[in-house]
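# Results of the structural survey
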Amino acid sequence: MEQKPIVITRDELYNKVWSTPMIILAKDYGISDVALRKICKKLLVPVPKIGYWQKKRSGAKVDQAPLPTLPKDHRFTSHTIFKHTHRETPKDNHQDSEIGTLIEHEKSQEHVIRVPESLISPHPFVSKTEQSLKNAKPDIKGLVRPRAKKCLDLYVSPQNVSRSLLIMDTLLKAYESRGYKVAVSDDENKTSVIIMDEDIQFSISESYTRHVKELTPQQKKEKEKKPWMYYFPEYFYKTSGRLSLQILESCLYGTRKTWGDGKRKRIEDCLNSFIIGLNNAALAKKNWRLEKEKREREWEEERQRGIEESIRQMKDEQKIQHLDEQLDLFRKSKEIREFLDLWKQACINCIGEIPQGSKIEKWINWIQEYADRIDPLNEDHLTYYDVKDD
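These numbers come from a predicted model, not from an experiment.

Our focus in this paragraph is the overall build of the chain. Helices and strands together make up the secondary structure of the chain, namely 11 helices and 8 strands. Projected onto its principal axes, the C-alpha positions of the chain cover 130 × 70 × 50 Å. Of all 390 residues assigned to the chain, the portion counted as buried reaches 31%. In the chain, 67% of the contacts between residues at least 6 apart in sequence involve partners at least 24 apart.

Under the definition given, this model contains 19 salt bridges. Glu 300 is the partner of Arg 303 in a salt bridge, and the nearest nitrogen-oxygen pair spans 2.8 Å. With Arg 303 and Glu 300 both in helix α9 (residues 271-351), this residue pair falls 3 residues apart, about one helical turn. When its relative accessible area of 45% is taken as the criterion, Arg 303 is described as partly exposed. For Asp 316, the salt bridge goes to Arg 312, with nearest N and O atoms at 2.8 Å. Taken together, the positions of Asp 316 and Arg 312, both in helix α9 and 4 residues apart, correspond to about one turn of that helix. Overall, the relative accessible area of 38% leaves Arg 312 in the partly exposed class. Connected through shared salt-bridge partners, Lys 42, Glu 309, Arg 312 and Asp 316 make up one network.

Counting across every chain of the model gives 10 aromatic pairs. Judged by centre distance (6.4 Å) and plane angle (55 degrees), the rings of Tyr 14 and Trp 18 are tilted. As far as the burial class goes, Tyr 14 and Trp 18 line up, both buried. Ring centres of Trp 366 and Tyr 370 lie 5.4 Å apart, and the angle between their planes is 5 degrees; on these two criteria the pair is classed as stacked.

Excluding glycine, a negative phi dihedral is what most residues carry, and trans is how most peptide bonds are arranged. Phi is positive for Lys 150, close to 60 degrees, though the residue is something other than glycine. Unusually for a residue other than glycine, Met 196 sits at a positive phi of about 55 degrees. Among the secondary structure elements, Met 196 is positioned in the loop between β5 (191-195) and β6 (198-212).

All right, on to the pairing of β6 then. Strand direction decides the pairing type here: strand β3 (residues 154-155) and β6, joined by 2 bridges, are parallel. Each bridged residue has a counterpart across the sheet, and for Tyr 155 the counterpart in β6 is Ser 205. Two strands pair when backbone bridges link them, and β5 and β6 are joined in this way by 4 bridges, in the antiparallel orientation. Note on β6: the bridge partner recorded for Ser 192 is Gln 201. Two successive antiparallel strands, β5 and β6, enclose a turn made up of 2 residues, where Met 196 displays a positive phi of approximately 55 degrees. Of the strand pairs in this sheet, β6 and strand β7 (residues 235-247) are connected by 10 bridges, and their pairing is antiparallel. Each residue of the ladder has a partner; that of Arg 210, found in β7, is Tyr 237.

For helix α7 (residues 161-177), built from 17 residues, the straight-helix expectation of 24 Å at 1.5 Å per residue is met to within 8% by its first-to-last C-alpha distance of 24 Å. Taken from the residues just after α7, Gly 179 is the one with a positive phi, measuring 90 degrees.

Packing of α9 against helix α10 (residues 359-374) leaves a shortest axis separation of 8 Å and a crossing angle of 165 degrees. By the angle between their axes, α9 is roughly antiparallel relative to α10. In the crossing of α9 with α10, the sense of the turn from one axis to the other is left-handed. For the pair α9 and α10, the contacting residues are Leu 329, Lys 332, Ser 333, Ile 336, Arg 337, Leu 340, Trp 343, Lys 344, Cys 347 and Ile 351 in the first and Ile 360, Trp 363, Ile 364, Ile 367, Gln 368, Tyr 370, Ala 371, Asp 372 and Ile 374 in the second. Of the residues in the contact of α9 with α10, the class split is 13 nonpolar, 2 polar and 4 charged.

Take the pairing of strand β4 (residues 181-184) next. Where a strand is regular, its side chains alternate between the two sheet faces. By the alternation rule, side chains of β4 split into Val 182 and Val 184, which are all buried, and Lys 181 and Ala 183, of which none is buried. Where β4 folds back onto β5 in an antiparallel hairpin, the turn is made up of 6 residues, including Glu 188, whose phi is positive at roughly 60 degrees.

Locating Val 47 in the fold gives a position in the loop between α3 (33-42) and α4 (52-57). Sequence separation between Val 47 and Tyr 14 is 33 residues; the distance between their C-alpha atoms is 7.9 Å. Those residues within four positions of Val 47 in sequence are excluded, and the remaining contacts are Trp 18, Met 22, Arg 37 and Cys 40.

Attention shifts here to the side chain of Ser 192. The topology assignment puts Ser 192 in strand β5. Here the side chain of Ser 192 touches Asp 199 through a polar contact of 2.6 Å, side chain to side chain.

Along the chain, the position of Pro 124 falls in helix α6 (residues 124-133). Overall, Pro 124 belongs to the exposed group, its relative accessible area being 60%. Separated by 225 residues in the primary sequence, Pro 124 and Asn 349 have C-alpha atoms spaced 115 Å apart.

Cut-offs and rules
- Residues numbered from 1 in each chain as written.
- Predicted model: local features only at pLDDT ≥ 70, side-chain atom pairs only at ≥ 80, totals over all residues.
- Heavy atoms only, no water.
- Helix = DSSP H or I, 4+ residues; strand = E, 2+ residues; numbered from the N terminus.
- Buried < 20%, exposed > 50% of the residue type's maximum accessible area, 1.4 Å probe, protein only.
- Contact = heavy atoms within 4.5 Å.
- Salt bridge = Lys/Arg side-chain N within 4 Å of Asp/Glu carboxyl O.
- Phe/Tyr/Trp six-rings, centres within 6.5 Å; stacked < 30°, edge-to-face > 60°.
- Pairing = 2+ DSSP bridges.
- Expected span 1.5 Å × (residues − 1).
- Axes fitted to C-alpha atoms, helices over the stretch in contact; angles between N-to-C directions.
- Parallel < 35°, antiparallel > 145°, perpendicular 65-115°, else oblique.
- Left-handed = near helix turned anticlockwise from the far one by under 90°.
- Nonpolar A, V, L, I, M, F, W, Y, C, P; charged D, E, K, R; others polar.
- Polar contact = N/O pair within 3.5 Å; in protein donor to acceptor, adjacent residues only side chain to side chain.

The structure is reproduced here in structure tokens:
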């Protein structure tokens, strides 16, 4: 990554922010629009308000705020932006080719996953889930889920428990035969398979429908007298008997995440397709994570640049303050010496030669010493800056 310093003056920045939207201009400089607004604030450059560009595009009359005159004590008239340019690297197709090989493997007829008619030597997670569901009572939707820890993520009707466990058992064994690791978390029994070092959560659930509960004749009469009591309708639920396999990853965009029972196929016939979907999800999640880490690094770099710029500005302000103090002392010492010359001449004109050891002479000597002491060009002051060679 290369850094290119760009010095932009206050007038240039004003012309640019009123001719190009902030988001586009910020990208040209390689910074965020928030950082660009901070620069405008530092240089006292007004920026367009929200809706300015929409109004301008529609042909409506818009007002451009004038560039105000800088106050006398404002020292910033330009800003240096370090534009970061990233060198493009050759694309690594290793992961894509690996996924392609896995997909071809799953499409092969000799690797078709078939669900047996009954559980045979069930997977430990399946056995524990089956035990937890034995005495489970359906919820208001008519569905059950295991309550014990380290159980699989199932949410189905009691009638579909055996079928769901059989599918899960087949899937877990297929995962492990392909070298994938299966994990179940302690919290909420999140079930996941680890592919390409990415944790991909999945579940089996049954769909249901919601229906408004019809009022009894007595409730209808009561509703006429007290309608507020029936403002919110009561519902009842019906399970559909249709199962679906779901990939539970919110960061996947444009990637298939659901395989469900259909009119011609059930999910038992889609397990190879589901594994292909898991591999695609793992690749998509990895790319999303790498992009997220890249953005976070860029944000951190920008934050560090902001800190460095603030420190530089603070040091500049301290130096400027010190310079102002030195100039004040220089002018003061110069005025004292001018005053002293005039005052000595006035004394001579009044009393003639100034007597040695007199109060007037002592006063003159003190004034001279004080002027020398505060003069920043005095040798004692210059040694502070290592002006003299050793």
